[in-house]
Amino acid sequence: MITEVDGEPIIFPSNVVRDDDGTVYFSISSRRWPFEQWMGDILEHSGSGRLVRRDPAGQVDVLIDGLQFANGVVLAPDRSCVLVAETGAYRITRYWVSGPRAGTVDRLVENLPGSPDNMLLGSDGLVWIGMVAPRNPLLDRMLALPGIFRRLTWALPEWLRPAPARSAWVVALDLDGTVVHDLQRAGDDFAMVTSVVEHRGALYLGSLSESAVGVSAVP
(Lines give C-alpha, C1' and ligand atoms only; values in the text may rest on other atoms or scores of the structure.)
Protein backbone atom coordinates (compact mmCIF):
# COMPACT_ATOMS: atom_id res chain seq x y z
CA MET A 1 0.00 0.00 0.00
CA ILE A 2 1.26 3.47 -0.92
CA THR A 3 0.20 6.15 1.57
CA GLU A 4 2.72 8.88 0.81
CA VAL A 5 4.95 10.22 -1.96
CA ASP A 6 8.19 12.06 -1.21
CA GLY A 7 7.27 11.93 2.47
CA GLU A 8 3.96 13.68 1.84
CA PRO A 9 0.65 11.94 2.66
CA ILE A 10 -1.60 11.26 -0.33
CA ILE A 11 -4.87 13.06 0.40
CA PHE A 12 -6.58 12.71 -3.00
CA PRO A 13 -5.55 9.60 -4.96
CA SER A 14 -7.53 9.19 -8.15
CA ASN A 15 -6.90 6.57 -10.85
CA VAL A 16 -4.57 3.60 -11.16
CA VAL A 17 -3.44 1.22 -13.90
CA ARG A 18 -1.17 -1.82 -13.52
CA ASP A 19 1.25 -3.21 -16.10
CA ASP A 20 1.81 -6.96 -16.48
CA ASP A 21 5.22 -6.72 -14.80
CA GLY A 22 3.72 -5.25 -11.63
CA THR A 23 4.52 -1.61 -12.39
CA VAL A 24 1.71 0.65 -11.17
CA TYR A 25 0.89 4.12 -12.50
CA PHE A 26 -1.50 6.32 -10.57
CA SER A 27 -2.71 9.90 -10.44
CA ILE A 28 -3.02 12.27 -7.51
CA SER A 29 -5.71 14.83 -8.28
CA SER A 30 -4.71 17.36 -5.65
CA ARG A 31 -2.09 17.76 -2.95
CA ARG A 32 -4.13 20.52 -1.29
CA TRP A 33 -7.78 19.48 -1.36
CA PRO A 34 -9.50 16.20 -0.38
CA PHE A 35 -12.03 14.40 -2.56
CA GLU A 36 -15.01 15.92 -0.73
CA GLN A 37 -13.82 19.40 -1.73
CA TRP A 38 -12.76 18.64 -5.31
CA MET A 39 -14.22 21.89 -6.61
CA GLY A 40 -11.79 23.80 -4.38
CA ASP A 41 -8.88 22.49 -6.45
CA ILE A 42 -10.61 23.36 -9.74
CA LEU A 43 -11.25 26.92 -8.55
CA GLU A 44 -7.84 27.42 -6.99
CA HIS A 45 -6.21 26.10 -10.19
CA SER A 46 -2.82 25.82 -8.50
CA GLY A 47 -1.78 22.70 -10.42
CA SER A 48 -0.87 20.36 -7.58
CA GLY A 49 -1.79 17.12 -9.38
CA ARG A 50 0.72 14.36 -10.14
CA LEU A 51 1.32 11.24 -12.19
CA VAL A 52 3.27 8.70 -10.15
CA ARG A 53 4.89 5.33 -10.88
CA ARG A 54 5.68 2.48 -8.47
CA ASP A 55 7.99 -0.12 -10.00
CA PRO A 56 7.99 -3.84 -9.07
CA ALA A 57 10.85 -3.25 -6.60
CA GLY A 58 8.77 -0.69 -4.70
CA GLN A 59 10.54 2.44 -5.97
CA VAL A 60 8.11 5.36 -6.24
CA ASP A 61 8.80 8.18 -8.71
CA VAL A 62 6.85 11.30 -9.66
CA LEU A 63 6.69 11.26 -13.46
CA ILE A 64 4.78 14.53 -13.93
CA ASP A 65 4.19 17.27 -11.38
CA GLY A 66 2.05 20.40 -11.64
CA LEU A 67 -0.97 18.78 -13.30
CA GLN A 68 -4.33 20.54 -13.22
CA PHE A 69 -6.52 18.05 -11.33
CA ALA A 70 -4.95 14.83 -12.60
CA ASN A 71 -7.58 12.18 -13.17
CA GLY A 72 -7.97 9.18 -15.51
CA VAL A 73 -4.88 7.10 -16.36
CA VAL A 74 -4.41 4.81 -19.37
CA LEU A 75 -1.39 2.70 -20.34
CA ALA A 76 -0.94 2.27 -24.10
CA PRO A 77 -1.22 -1.35 -25.28
CA ASP A 78 2.41 -1.32 -26.46
CA ARG A 79 3.54 0.17 -23.13
CA SER A 80 5.15 3.10 -24.96
CA CYS A 81 3.32 5.81 -23.00
CA VAL A 82 0.93 6.61 -20.17
CA LEU A 83 -1.94 9.06 -20.60
CA VAL A 84 -3.40 11.18 -17.82
CA ALA A 85 -6.49 13.38 -18.00
CA GLU A 86 -6.15 16.93 -16.67
CA THR A 87 -9.72 17.77 -15.75
CA GLY A 88 -8.84 21.36 -14.81
CA ALA A 89 -6.94 22.05 -18.06
CA TYR A 90 -9.26 20.35 -20.61
CA ARG A 91 -6.49 18.14 -22.01
CA ILE A 92 -4.94 14.67 -22.08
CA THR A 93 -1.24 14.67 -21.22
CA ARG A 94 1.17 11.93 -22.29
CA TYR A 95 4.28 10.60 -20.55
CA TRP A 96 6.57 8.55 -22.78
CA VAL A 97 7.75 5.37 -21.05
CA SER A 98 9.91 3.89 -23.82
CA GLY A 99 11.38 4.69 -27.22
CA PRO A 100 13.34 7.76 -28.34
CA ARG A 101 11.08 10.12 -26.36
CA ALA A 102 11.25 8.13 -23.09
CA GLY A 103 11.02 10.39 -20.05
CA THR A 104 9.46 13.30 -21.93
CA VAL A 105 5.98 14.82 -21.72
CA ASP A 106 3.65 16.14 -24.41
CA ARG A 107 -0.09 16.48 -25.04
CA LEU A 108 -2.21 13.88 -26.79
CA VAL A 109 -5.01 16.43 -27.17
CA GLU A 110 -5.57 19.97 -25.87
CA ASN A 111 -8.37 22.51 -25.60
CA LEU A 112 -11.15 19.96 -25.22
CA PRO A 113 -14.68 21.44 -25.21
CA GLY A 114 -15.38 19.87 -21.83
CA SER A 115 -13.76 18.45 -18.70
CA PRO A 116 -12.23 14.96 -19.07
CA ASP A 117 -12.48 12.66 -16.07
CA ASN A 118 -11.81 8.92 -15.81
CA MET A 119 -10.46 7.07 -18.85
CA LEU A 120 -10.24 3.42 -19.83
CA LEU A 121 -8.76 1.57 -22.79
CA GLY A 122 -11.56 -0.19 -24.66
CA SER A 123 -11.57 -3.59 -26.26
CA ASP A 124 -11.71 -1.68 -29.54
CA GLY A 125 -8.31 -0.09 -28.81
CA LEU A 126 -9.79 3.36 -28.24
CA VAL A 127 -9.36 5.53 -25.16
CA TRP A 128 -12.84 6.11 -23.74
CA ILE A 129 -13.23 9.26 -21.63
CA GLY A 130 -16.05 10.34 -19.36
CA MET A 131 -16.73 14.05 -19.88
CA VAL A 132 -18.07 15.65 -16.71
CA ALA A 133 -19.59 18.68 -18.40
CA PRO A 134 -19.10 21.24 -21.16
CA ARG A 135 -16.74 24.09 -20.39
CA ASN A 136 -18.26 26.85 -18.28
CA PRO A 137 -17.56 30.33 -19.76
CA LEU A 138 -17.61 31.94 -16.31
CA LEU A 139 -15.12 29.41 -14.94
CA ASP A 140 -12.85 29.88 -17.96
CA ARG A 141 -12.80 33.63 -17.31
CA MET A 142 -12.11 33.07 -13.61
CA LEU A 143 -9.14 30.81 -14.30
CA ALA A 144 -7.36 33.74 -15.93
CA LEU A 145 -7.66 35.84 -12.75
CA PRO A 146 -5.12 35.94 -9.89
CA GLY A 147 -5.49 33.06 -7.47
CA ILE A 148 -6.83 35.22 -4.63
CA PHE A 149 -10.04 35.88 -6.58
CA ARG A 150 -10.59 32.20 -7.29
CA ARG A 151 -10.05 31.33 -3.63
CA LEU A 152 -12.62 33.96 -2.64
CA THR A 153 -15.10 32.26 -4.96
CA TRP A 154 -14.70 29.05 -2.95
CA ALA A 155 -15.89 30.99 0.11
CA LEU A 156 -19.17 31.88 -1.61
CA PRO A 157 -22.35 29.86 -0.97
CA GLU A 158 -22.46 26.80 -3.20
CA TRP A 159 -25.36 28.12 -5.26
CA LEU A 160 -23.26 31.14 -6.32
CA ARG A 161 -20.24 29.15 -7.52
CA PRO A 162 -19.81 28.07 -11.16
CA ALA A 163 -21.53 24.69 -11.53
CA PRO A 164 -21.21 22.04 -14.24
CA ALA A 165 -24.08 21.97 -16.72
CA ARG A 166 -26.04 18.73 -16.83
CA SER A 167 -25.07 16.56 -19.79
CA ALA A 168 -24.38 12.91 -20.58
CA TRP A 169 -21.19 12.86 -22.60
CA VAL A 170 -18.40 10.45 -23.53
CA VAL A 171 -15.58 10.76 -26.06
CA ALA A 172 -13.36 8.12 -27.64
CA LEU A 173 -9.89 8.95 -28.97
CA ASP A 174 -7.36 6.86 -30.82
CA LEU A 175 -3.77 6.91 -29.64
CA ASP A 176 -2.94 9.67 -32.14
CA GLY A 177 -5.40 11.98 -30.40
CA THR A 178 -8.08 11.81 -33.12
CA VAL A 179 -11.68 11.94 -31.90
CA VAL A 180 -13.41 8.79 -33.16
CA HIS A 181 -16.65 9.05 -31.17
CA ASP A 182 -18.25 12.10 -29.55
CA LEU A 183 -21.51 11.00 -27.93
CA GLN A 184 -23.62 13.67 -26.23
CA ARG A 185 -27.17 14.06 -25.04
CA ALA A 186 -29.05 16.34 -22.68
CA GLY A 187 -28.63 15.44 -19.03
CA ASP A 188 -32.33 15.29 -18.25
CA ASP A 189 -32.26 11.84 -16.65
CA PHE A 190 -28.51 11.09 -16.35
CA ALA A 191 -25.61 13.52 -16.11
CA MET A 192 -22.07 14.22 -14.93
CA VAL A 193 -20.40 11.19 -16.50
CA THR A 194 -17.22 10.59 -14.52
CA SER A 195 -16.36 7.13 -15.84
CA VAL A 196 -17.01 4.96 -18.88
CA VAL A 197 -16.26 1.32 -19.65
CA GLU A 198 -16.58 -0.17 -23.14
CA HIS A 199 -17.32 -3.90 -23.27
CA ARG A 200 -18.41 -5.88 -26.32
CA GLY A 201 -20.00 -2.95 -28.06
CA ALA A 202 -21.72 -1.48 -25.01
CA LEU A 203 -20.81 1.52 -22.88
CA TYR A 204 -21.38 1.56 -19.12
CA LEU A 205 -21.39 5.04 -17.59
CA GLY A 206 -20.74 6.02 -13.99
CA SER A 207 -21.58 9.33 -12.34
CA LEU A 208 -20.93 11.13 -9.07
CA SER A 209 -24.40 12.69 -9.12
CA GLU A 210 -26.58 9.74 -10.15
CA SER A 211 -27.72 6.62 -8.28
CA ALA A 212 -27.74 4.42 -11.37
CA VAL A 213 -25.40 3.21 -14.12
CA GLY A 214 -26.04 4.45 -17.64
CA VAL A 215 -25.85 2.01 -20.57
CA SER A 216 -25.47 2.84 -24.25
CA ALA A 217 -24.38 1.16 -27.44
CA VAL A 218 -21.18 2.03 -29.29
CA PRO A 219 -22.18 3.50 -32.69
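We now turn to the structure provided with this report. No experiment lies behind these values; they were computed from the predicted model shown. (Residues numbered from 1 in each chain as written. Predicted model: local features only at pLDDT ≥ 70, side-chain atom pairs only at ≥ 80, totals over all residues. Heavy atoms only, no water.)

Scanning the chain from terminus to terminus reveals three helices and 17 strands. Here the chain holds 219 residues, and the buried ones make up 49% of them. Pairs at least 24 apart in sequence give 43% of the contacts found in the chain among residues at least 6 apart. Approximately 10,800 Å² of the chain is accessible, and the part contributed by carbon and sulfur atoms is 53%. (Helix = DSSP H or I, 4+ residues; strand = E, 2+ residues; numbered from the N terminus. Buried < 20%, exposed > 50% of the residue type's maximum accessible area, 1.4 Å probe, protein only. Contact = heavy atoms within 4.5 Å. Areas by Shrake-Rupley, 256 points an atom, 1.4 Å probe, with all protein chains shown as cover.)

With the rule as written, the count across this model stands at one cavity of 30 Å³ or more. Every residue along the wall of the largest cavity is listed here: V5, E8, P9, I10, I11, I28, S30, R31 and R50. Across the lining of the largest cavity, the residue classes tally to five nonpolar, one polar and three charged. (1 Å grid on protein atoms, 1.4 Å probe; cavity = no way out; pocket = protein on both sides within 12 Å on 5 of 7 lines; lining within 4 Å. Points joined across faces, edges and corners; volume = space filled by probe spheres on them. Nonpolar A, V, L, I, M, F, W, Y, C, P; charged D, E, K, R; others polar.)

Before going further, it helps to examine the pairing of strand β8 (residues 81–86). Along β8, six of the six residues are buried, which leaves the element largely enclosed by surrounding structure. Linking two consecutive strands that pair antiparallel, namely strand β7 (residues 70–75) and β8, is a turn of five residues; a positive phi of about 65 degrees is found at R79 within it. As defined by bridge partners, β8 adjoins strand β9 (residues 91–96) across six bridges and the pair is classed as antiparallel. Within the sheet, the bridge partner assigned to V82 lies in β9 and is Y95. (Pairing = 2+ DSSP bridges.)

Within this structure, the stated rule accounts for 12 salt bridges. Ionic contacts of the salt-bridge type, sharing partners, join the residues D6, E8, R31, R50 and D65 into one network. (Salt bridge = Lys/Arg side-chain N within 4 Å of Asp/Glu carboxyl O.)

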